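Next come the chains, spelled out residue by residue.
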Amino acid sequence: MDELTDALRPRLEPRLRDAELEARALAEGLTPLQARVFAGRLANTQGPLEPLISPGLRHLAHPERLKDARRAAERIAKAVIDGESIGILTDYDVDGITSHVVIRRTLGELFGVPECRLHSLIGHRINDGYGISLPLVERTLALSPAPSLVITADCGSSDEPRIARLKGAGIDVVVTDHHALPLEGPPASAYATVNPTRDDCDYPDPTIAGCMVAWLTMSLTRSVLIEWGVIGQETPKLSPWLSYVALGTVADCVSLGASAANRAVVSQGLKLINRMDEACWRAMAERLGADSVPFSAETLGFQMGPRINARSRLDDPYAALHYMLASNDATASRHLTTLDEDNQSRKAIEADMAEQAKALALPQLAENVAVLIIVLEDGHPGVQGIVASRLVQAYGRPALVMTPATTPDMLTGSGRSIEALHLRDALQRVYELAPYSLPRFGGHRGAAGVGVPRDQLSAFCTALRQAVDEQLGGLALYPRILTDGELSPSQLSLLTLDELDALGPYGREFDAPLFQGEFLVESLRPVGADGTHLMMTLSSGSASIRSIWFRALSPGELPAFAIGDTLRCAYRLNRNRFRGRESLQLMIEHAEPLS
């Protein structure tokens, strides 16, 4: 076990930097530190850098370039004009909920569709499953008045059988989605399928989130209604809804690297959020405290996103929708309390499942398998993906966590990947190798979901391991902590943090800067209810800085170092706000004493 423990010890490694890109970034006016950070994230970027360095809506491609977008917009416009009842069917995660808000607010507030003609259709993660599930179809068919049009968002691309059922009942389905399409292509029964990943789609950025696809489609619908003389040019644009698109984009972990579109909508959306015009943002700011404002992409990803996701993981997602749509602070605060309570429950369930999963992973790690496949018979299906993420973080290899499905003799699972592996492509390969073992799957490069028959579990595991091995080609797998190198003592300041913040937004494929260095421990004390966090004062040269290391210890564990020791740390610069005053704080990601 000593060899295994050593093999799984996190290793600090400097990011590889693209020298040519670094020189181009300097020529564009970035500082040496900014250019260093930039070149460590966007290797082989060939296009112009200005849209990535200075994100703006001027860099967005016109929605007409999305295949089927015009057809979709005209069908939605017709429904508005003819007084049809419209179903809005979206996924239950943050991307789905924010898409739902964009579509509903546009139809109701901008196009004048009365509430009685709008039906919100959001599946229950556990009871219904992902996408246009059969229970959702039955619920749709039972509505009165029945919708003659259903608009999906963040789902639908792989749901041909259920779309065919709706079409057979006289309901047109407009799919807006961003998930990879099945090999047979867009669902044949859909009236239109707006998806930037389509092979025949001319939209230049296939990485946009589902909420952005919905926003573009509804923006084009506004244009169509103006062209047809139904509404006037003075009808407000959908720009304010980019606040929701920013939240959905960050929470869905789509690329914030080489995507000018994603960087633009998150940058603009944060500006809108920080105006605090909507009750949902004001309620969250009040809950997090006055010092939480202005919100950053980190606030969206680590504070708002988990709360909204928690509701759909553990219960029905409508409280999250009501929170986002709240018209006053009291209503938003009441729904946010529900989300908070669910998030606390989710954390407890997650901690227990993660502990079990790590114990089950050890024998697989001893065999040095390239992908961890964990079955938790008593696990909660709503927390599979989070637990898989914990395994990836701890062991540096892709992981899939499965639990029993509501359907007898089936398992459902969520997987998370590493940068070197395209998880959805690996699952497509599994389907080619053992089709009966994988009747349903979907997802992205970094995350995916599966449904596996219990009697096919062995075949599935064999095929997945083969598919992963084929992609990785013997790549050494271990926990890697990639850093942007060292900072001098004089750079440990708020001015440096300002310099780095100007390069944001940060997120997937454009990680927030992480540095490494050696520090003397001047003080330390465990903090938190169970003493698992460490508050420290660390010094480097003449700089002495307050530092915090969250989840540094297990309950009851003592630090492996003491005052006077020297630590090798991986850390982020953080702005600590207290009563209107700001100071620099180091957020420690990893630390080990120098031997």
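Provided above is the structure to which this section pertains.
Only a predicted model underlies this, so the values are computations on that prediction, with no experimental measurement involved.

(A) Focus on the pairing of strand β11 (residues 447–453). With five of its seven residues buried, β11 lies for the most part within the structure. As defined by bridge partners, strand β9 (residues 410–416) adjoins β11 across seven bridges and the pair is classed as antiparallel. Pairing of threonine 412 across the sheet is with glycine 451, part of β11. Sheet topology places strand β10 (residues 440–443) next to β11; four bridges connect them, and they run antiparallel. Looking at the pairing, phenylalanine 441 lines up with valine 450 of β11.

(B) Just the sheet that holds strand β14 (residues 533–540), in detail. Strand order in the closed barrel formed by five strands is β13-β14-β15-β17-β16, with mixed pairing between adjacent strands. Strand-to-strand twist across the sheet, computed as the mean angle between neighbouring axes with direction ignored, equals 45°.

(C) Inspection of the sheet that holds β11 at higher detail. Ordered by their spatial adjacency, five strands build an open sheet running β7-β8-β9-β11-β10, and the pairing between neighbours is mixed. Every other strand in the sheet has two partners, leaving β7 (372–375) and β10 as the edge strands with one partner each. For this sheet the average axis-to-axis angle between neighbouring strands, irrespective of direction, equals 15°. Set on the sheet, helix α15 (residues 329–366) makes contact with β7 and β8 (399–404); between it and β7 the angle comes to about 130°.

(D) Seen up close, unusual backbone geometry. Cis geometry marks the peptide bond from serine 144 to proline 145; its omega dihedral reads 0°. Note on placement: proline 145 falls in the loop between α7 (134–141) and β4 (149–153). Between valine 293 and proline 294 the backbone carries a cis peptide bond, its omega angle lying at 5°. Among the structural elements, proline 294 can be located in the loop between α12 (279–288) and α13 (297–314). Positive phi, close to 65°, is recorded for aspartate 409, a residue that is not glycine. Relative to the elements of secondary structure, aspartate 409 occurs in the loop between β8 and β9. Using a relative accessible area of 60% as the deciding quantity, one classes aspartate 409 as exposed. Phi angles above zero are rare outside glycine, and glutamate 509 is one such case at about 65°. Residue position: glutamate 509 is located in the loop between α19 (494–501) and β13 (515–527). Given a relative accessible area of 28%, glutamate 509 falls into the partly exposed group.

(E) Spotlight on the pairing of β7. Pairing geometry for β7 and β8, over four bridges, is parallel. Looking at the pairing, isoleucine 373 lines up with leucine 400 of β8. Following the backbone out of β7, through helix α16 (residues 384–395) and into the adjacent parallel β8, one traces a crossover that is right-handed.

(F) Representation of the packing of aromatic side chains. All told, the structure shown has seven aromatic pairs when counted by the stated rule. Look at phenylalanine 515 and tyrosine 571: their rings are 6.2 Å apart centre to centre, the planes differ by 40°, and that puts the pair in the tilted class. Of this pair, phenylalanine 515 sits in strand β13 while tyrosine 571 is found in strand β16 (residues 566–578), placing the two residues 56 residues apart along the sequence. Grouped by ring-pair contacts, the aromatic residues Phe38, Tyr506 and Phe510 constitute a single cluster. The cationic tip of arginine 11 hangs over the ring face of tyrosine 478; the distance from NZ or CZ to the ring centre is 3.9 Å.

(G) Representation of the packing of helix α17 (residues 423–433) against helix α18 (residues 457–472). Where α17 meets α18, the axes come as close as 8 Å, and the angle between the chain directions of the two elements is 130°. The angle between α17 and α18 falls in the class oblique. By crossing handedness, the relation of α17 to α18 is classed as right-handed. Counting all contacts with α17, which are made through Asp425, Ala426, Leu427, Arg429, Val430 and Leu433, the residues of α18 involved are Phe460, Ala463, Leu464, Gln466, Ala467, Glu470 and Gln471. Tallied by class, residues from the contact of α17 with α18 come to eight nonpolar, two polar and three charged.

(H) Quick peek at the pattern of salt bridges. Scanning the entire structure with this criterion turns up 38 salt bridges. As a salt-bridge pair, arginine 454 and glutamate 377 come within 2.8 Å of each other at their nearest N and O atoms. Of this pair, arginine 454 sits in the loop between β11 and α18 while glutamate 377 sits in the loop between β7 and α16; the two residues are 77 residues apart in sequence, bridging distant segments of the chain. Judged by its relative accessible area of 43%, glutamate 377 is partly exposed. The residue arginine 508 makes a salt bridge to glutamate 509 at a minimum N-O spacing of 3.6 Å. One salt-bridge network, held together by shared partners, links Arg75, Lys78, Asp82, Glu84 and Asp172.

(I) Layout of the packing of helix α6 (residues 94–110) against helix α9 (residues 210–227). Relative orientation of the contacting elements α6 and α9 amounts to 15°, with a least axis distance of 8 Å. Of the possible angle classes, the one that applies to α6 and α9 is roughly parallel. Here α6 runs over α9; the crossing is right-handed. Of the residues in α9, those touching α6 at Asp95, Thr98, Ser99, Val102, Ile103, Thr106 and Leu107 are Gly210, Cys211, Ala214, Trp215 and Met218. Here the contact of α6 with α9 is built from residues that sort into seven nonpolar, four polar and one charged.

(J) Summary view of α19. Looking only at α19, the buried set comprises Thr496, Leu497 and Leu500. In a view along the axis of α19, the buried residues occupy a sector of 100°, so they form one face of it.

(K) Representation of the nonpolar core within the structure. In this structure, Phe38, Leu107, Trp215, Tyr323 and Met324 are the most contacted members of the largest nonpolar core, which totals 123 residues. With eleven residues, α9 is the single largest residue contributor to this core. Every residue in contact with methionine 324, bar those within four places of it in the chain, is listed here: Ile97, Thr98, Val101, Tyr244, Leu247, Cys280, Trp281 and Ile308. One finds Ala357, Ala361, Ala388 and Phe460 within the second-largest nonpolar core, a separate group that totals 44 residues.

Cut-offs applied
Residues numbered from 1 in each chain as written. Predicted model: local features only at pLDDT ≥ 70, side-chain atom pairs only at ≥ 80, totals over all residues. Heavy atoms only, no water. Buried < 20%, exposed > 50% of the residue type's maximum accessible area, 1.4 Å probe, protein only. Helix = DSSP H or I, 4+ residues; strand = E, 2+ residues; numbered from the N terminus. Pairing = 2+ DSSP bridges. Axes fitted to C-alpha atoms, helices over the stretch in contact; angles between N-to-C directions. Contact = heavy atoms within 4.5 Å. Right-handed = clockwise from strand over helix to strand, strands pointing away. Phe/Tyr/Trp six-rings, centres within 6.5 Å; stacked < 30°, edge-to-face > 60°. Lys NZ or Arg CZ within 6 Å of the ring centre and 35° of its normal. Parallel < 35°, antiparallel > 145°, perpendicular 65-115°, else oblique. Left-handed = near helix turned anticlockwise from the far one by under 90°. Nonpolar A, V, L, I, M, F, W, Y, C, P; charged D, E, K, R; others polar. Salt bridge = Lys/Arg side-chain N within 4 Å of Asp/Glu carboxyl O. Arc of directions from axis to C-beta. Core = buried A, V, L, I, M, F, W, Y, C linked by side-chain atoms within 4.5 Å.

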